[in-house]
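So you can see what is in the structure, the chains are spelled out below.
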Amino acid sequence: MDAVKKELTRKSKASRQDQRGKLISLACVTLIMLVVLSILYMITSKGLATFFENKMSIVDFFTKQVWNPSAKPQALVGALPMIVGSFSVTVLSALLAAPFAIATAIFMVDIAGKRGRKILQPVIELLVGIPSVVYGFIGLTVVVPFTRTVFGGTGFGILSGTFVLFVMVLPTVTSMYVDSLKAVPQFYREASLALGATRWQTIYKVIIRASIPGLLTAIIFGMARAFGEALAVQMVIGNASILPSDLVSPASTLTSVLTTGIGNTVLGTLPNNALWSLALVLLLMSLVFNLLTRFIGKKGAF
Amino acid sequence: MAKDIITAENVHLYYGQKEALHGISLGFPEKEITALIGPSGSGKSTFIRTLNRMSDLNPEVTVTGAIRLDGEDIYSPKTDTVELRKRVGMVFQQPNPFPFSVYDNVTYGLRLSGIKDKALLDQRVEESLKQAAVWDETKDHLKENALSFSGGQQQRICIARVLAVQPEIILLDEPTSALDPVSSAKVEDSLLAIKDQFTIAVVTHNMQQASRISDQTAFFLDGNLVEFSKTVDMFTHPEKQETSDYLNGKFG
């Protein structure tokens, strides 16, 4: 009797496994949190060093147009051209991609039927999976000459960057919007059709309207991707840290300056710290995009 | 009995190969309430969805036979389903207002027809919500999202949305089965209040509801129309044994 009782009150193998599993998960989460926190700390401290250690003006950083952190005797860290470049390519490519993404997503969910979706889904997913260097390479060989011939200039510039990013963010925005369209309940469609609406009226008066929060989230995700894209943009934008006066002259973005400059600076010096400041701006912007999507996600259901 | 406004003649319906309705012939008298009762899976909802061709939405469905609205077969190739559905409105089991304001919900059908006159829209909104007996609860909240109302209120807003386009016939597919008894009673009241202006067909699980509100009752079983007669007659002395058994709760 006592032997059975002892056996029953002892911790079972399963419950010990349970505890061990919990411990392993906790360890993994802690490790990841440590990594994230140390990355945040590193970028922030290095990024702020430009202003606190090297005594550069934070106002100049956001308003001045000349980027030459290694200039003697007075270094110049005006990041405005890069900030403008980054925002231009991001906003323009999102604006360009949005209508295509909306149309594609609606076609996939509400028009093409099951078979059409089966074909289109992998195509969209494939576009997401192509490495950005390949996009950049195609951009360099196709888009840049195209822009040069059609719009003039050297071909390098914000316009080419926009075109390349357009193709890159389109699948992201589309597949996210497809998910949100699928989440619009079928009974809205039925209710609308039963009131004598045509399919097109149902789509634009009910479905799109009901899914606007989802659409905005999708577009902001696309913008976040465009904002952070480095390689493909760097290959086609021309990399001149000049405040862009038009869309077809060479410009630069935060990311392109980072990728081109990072190998040519020494850790701890101003030119290096200045690059960290750019990284900090990128980090803060992705935080903003993230918060925006959360904010919108809370407001709407789909 | 008033003249039939919409009549089904030998309607068969197939889901793929499977026959779900085995030749239904049934007429709906004008400006009266016809209840369709029967156990789950008896084909009553399936049948009602053929009357405004909502069954077309399922590509596997084929319908044979004829359904005549004012003498015209609605399954003829000439029929414009958009026009048909404006004449034959539908309220669904689950309250399904659009996630817009009450006002936008009720005016939806009118705007589809291109009506933009604000005064006319306002007037129709008030009339429809009053007819659906939900005006008092909504009149100060017309700009509020319809989803913020209770289930019963949402369902009456949906009824108002259908009434706004002034259909000739209103089909209701178990309109109260998702509602509590108090809300159901309110929906029933609004149906009784509008029955002198519209022809109403209502599918219901609830036999008491059928006996309370309907003039005629059709009893469906396994895709067949077993019995169709005046509600009073059916509930007091049903002709068929199955009807009697169902009404007495022996199955279903």
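Computed from a predicted structure; not experimentally measured. (Residues numbered from 1 in each chain as written. Chains lettered and ligands numbered in written order. Predicted model: local features only at pLDDT ≥ 70, side-chain atom pairs only at ≥ 80, totals over all residues. Heavy atoms only, no water.)

Colleague: Would you take a moment to explain the UniProt feature "domain: ABC transporter" (unreviewed entry) in chain B for this structure?
Modeller: UniProt records the feature "domain: ABC transporter" (unreviewed entry) at residues 6-247 of chain B, using the numbering of this structure. Within residues 6-247 of chain B, the helical portion is 37% and the strand portion 27%, while the C-alpha atoms at the span's ends are 26 Å from each other. (UniProt positions renumbered as here; feature names shortened; annotations may be inferred. Helix = DSSP H or I, 4+ residues; strand = E, 2+ residues; numbered from the N terminus.)

Colleague: Sorry, what's going on with the UniProt feature "transmembrane region" (unreviewed entry) in chain A here?
Modeller: All names here are of chain A. As annotated in UniProt, the feature "transmembrane region" (unreviewed entry) corresponds to residues 21-43, 83-111, 123-144, 156-178, 206-227 and 274-292 in the numbering used here. Between the C-alpha atoms that bound residues 123-144 there is a distance of 25 Å. The span itself is 91% helix and 0% strand. Taken end to end, residues 156-178 has its terminal C-alpha atoms 33 Å apart, with 91% of it in helix and 0% in strand.

Colleague: Help me understand the sheet that holds strand β8 (residues 199-203) of chain B in this model?
Modeller: Sheet strands pair via backbone hydrogen bonds, and the direction of the pair is either parallel or antiparallel. Residues and elements named next belong to chain B. Spatially, β6-β7-β8-β3-β9-β10 is the arrangement adopted by the 6 strands of the open sheet, whose pairing is mixed. The sheet is open, and its two edges are formed by β6 (88-91) and β10 (224-230), each paired on a single side. The average angle at which neighbouring strand axes cross in this sheet is 15 degrees, direction not considered. Here β6 runs beside strand β7 (residues 169-173); their pairing, made up of 4 bridges, is parallel. Bridge pairing in β7 links Val88 to Ile169. Across the sheet, helix α6 (residues 151-164) is in contact with β6 and β7; its angle to β6 comes to roughly 170 degrees. (Pairing = 2+ DSSP bridges. Axes fitted to C-alpha atoms, helices over the stretch in contact; angles between N-to-C directions. Contact = heavy atoms within 4.5 Å.)

Colleague: I'm lost on the pairing of β10 of chain B in this one. Help?
Modeller: Residues and elements named next belong to chain B. The sheet contact formed by strand β9 (residues 216-221) and β10 spans 6 bridges and is antiparallel. Looking across to β10, one finds that Phe220 is bridged to Leu225. Hairpin connection between β9 and β10: a loop of 2 residues separates the two successive antiparallel strands, and Asp222 in this loop has a positive phi of roughly 50 degrees.

Colleague: Just to check I follow, could you spell out the sheet that holds strand β2 (residues 18-29) of chain B for this structure?
Modeller: All names here are of chain B. If you trace the 4 strands from one edge of the open sheet to the other, you get β2-β1-β4-β5, paired in antiparallel fashion. Two strands bound the open sheet, and with one partner strand each, they are β2 and β5 (72-73). In terms of strand pairing, strand β1 (residues 4-15) meets β2 through 9 bridges, oriented antiparallel. Of the residues in β2, the one forming a bridge with His12 is His22.

Colleague: Can you help me understand a nonpolar patch on the surface in this one?
Modeller: Residues and elements named next belong to chain A. A cluster of nonpolar residues, Val133, Val134, Ile138, Val142 and Leu231, forms a patch on the protein surface that exposes about 370 Å² of accessible area. Looking at which element gives the most residues to the nonpolar patch, the answer is helix α6 (residues 132-151), with 4 residues. Mapped onto the elements, Leu231 comes out in helix α11 (residues 231-237). For Leu231, a relative accessible area of 35% gives the class partly exposed. (Patch = residues over 30% accessible without salt bridge, like charges linked within 9 Å, V, L, I, M, F, W, Y side chains within 5 Å. Areas by Shrake-Rupley, 256 points an atom, 1.4 Å probe, with all protein chains shown as cover. Salt bridge = Lys/Arg side-chain N within 4 Å of Asp/Glu carboxyl O. Buried < 20%, exposed > 50% of the residue type's maximum accessible area, 1.4 Å probe, protein only.)

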